[in-house]
Amino acid sequence: GIPAIIKPELTIAWSQELSDEIIESDVRYVSGTDSFTLMSNQDKGVGIVGVNVGYENEDAKIHLGLNGAFGDVSESVALVAGVGLKW
């Protein structure tokens with residue numbers, strides 16, 4: 001077979017928002033009422049943590065991971081999967 005390696009990866013990062021804009025969304029209820037605007041402040045700084053495992057050979061890379069972003073206003077967790085081809 002083609003020689004391959006399994007590579008675990010831990011990522012710890014910080015993301016700093018440089019914009020002062022307030023997030024606005026125009027929404028309406030399903031019942032068809034008039035639309036209204038929701039406004040929210042965005043996180044200025046967000047801590048990012050990721051745990052990934054990759055399987056890589058000379059032709060391709062497959063990775064699977066779990067990434068989280070944690071701030072004062074919001075948090076999100078995402079399952080990430082991907083395939084990369086090399087040539």
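Scroll up a little and you will see the structure.
These remarks concern the structure in this document. Note that the structure is a prediction, hence the values are computed from the model and not measured.

Points about the side chain of Glu56
Okay, step 1: Tracing the chain through its elements places Glu56 in strand S4 (residues 45-57).
Okay, step 2: Those residues within four positions of Glu56 in sequence are excluded, and the remaining contacts are Ala4, Ile5, Lys7, Lys61 and Lys86.

Some thoughts on the sheet that holds strand S5 (residues 60-70)
One key point about sheets: their strands pair by backbone hydrogen bonds, in either a parallel or an antiparallel sense.
Okay, step 1: One open sheet holds the four strands; their spatial order is S1-S4-S5-S6, and the pairing between them is antiparallel. Each having just a single partner strand, strand S1 (4-16) and strand S6 (75-85) make up the two edges of the open sheet. Along the sheet, successive strands turn relative to each other by an average axial angle of 15°, direction set aside.
Okay, step 2: Across 10 bridges, the pairing between S4 and S5 is antiparallel. Across the sheet, Gly54 pairs through a bridge with His63, a residue of S5.

Let's talk about the pairing of S5
A regular strand places its side chains so that they alternate between the two faces of the sheet.
Okay, step 1: Between S4 and S5, which pair antiparallel in sequence order, lie two residues.
Okay, step 2: With 11 bridges connecting them, S5 and S6 associate as antiparallel partners. The residue of S6 that forms the bridge with Phe70 is Glu75.

Analysis parameters
Residues numbered from 1 in each chain as written. Predicted model: local features only at pLDDT ≥ 70, side-chain atom pairs only at ≥ 80, totals over all residues. Heavy atoms only, no water. Helix = DSSP H or I, 4+ residues; strand = E, 2+ residues; numbered from the N terminus. Contact = heavy atoms within 4.5 Å. Pairing = 2+ DSSP bridges. Axes fitted to C-alpha atoms, helices over the stretch in contact; angles between N-to-C directions.

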